[in-house]
Amino acid sequence: FEKNGTWVKTHTDFNPMDLPQVVKDYAATNYSDRYIEDVDWVETPQINYYLLELDRENKNDIYLKITADGTVIK
């Protein structure tokens, strides 16, 4: 929330096993050398999306914003 009380965004922990198949497929195809370490469901006034934390040993994490229909948000 902003100081004036306007809702901006909500993050909710999400079980990676419950991701839509299209989201799992995108991550597996485009980041095959990484695994999904954590997922949040993010709701905003403009759009809702999954925030995936993709990890690989000894490498920096990658954060992927992707909608339920598989659209990647830049």
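The structure this text deals with has already been given above.
Every value quoted in this text rests on a predicted model; they were computed, and no experiment measured them.

Asker: Describe the pairing of strand β2 (residues 35–43), listing the residues and the values that go with them.
Answerer: Bridging between strand β1 (residues 10–13) and β2 involves 4 bridges; their strand directions are antiparallel. Across the sheet, residue His11 finds its bridge partner in β2, namely Val42. Here β2 runs beside strand β3 (residues 48–55); their pairing, made up of 8 bridges, is antiparallel. What sits directly across from Ile36, in β3, is Leu54. Hairpin remark: β2 followed by β3, antiparallel, with 4 residues in the connecting loop.

Asker: An account of the sheet that holds β3 is requested, with residue identities and associated values reported.
Answerer: If you walk across this open sheet you meet the 5 strands as β1-β2-β3-β4-β5, and the pairing is antiparallel. Taken across any chain shown, the strands that pair with only one partner, and hence form the sheet edges, are β1 and β5 (72–73). Of the strand pairs in this sheet, β3 and strand β4 (residues 62–66) are connected by 5 bridges, and their pairing is antiparallel. Bridging from a neighbouring strand, Leu51 pairs with Lys65 of β4.

Cut-offs used in this document
- Residue positions are given per chain, counting from 1 as you read along its sequence in written order.
- Local features in this predicted model are restricted to residues of pLDDT 70 or higher, and side-chain atom pairs are both shown and tallied only at a pLDDT of 80 or more, whereas totals for entire chains, interfaces and linings draw on every residue.
- Hydrogens and water are ignored here; the side-chain numbers use all heavy atoms of the structure.
- For two strands to count as paired, DSSP must find a minimum of two bridges between them.
- The way it works is that DSSP assigns letters per residue, a run of H or I at least four long becomes a helix, a run of E at least two long becomes a strand, and they are numbered from the N terminus.

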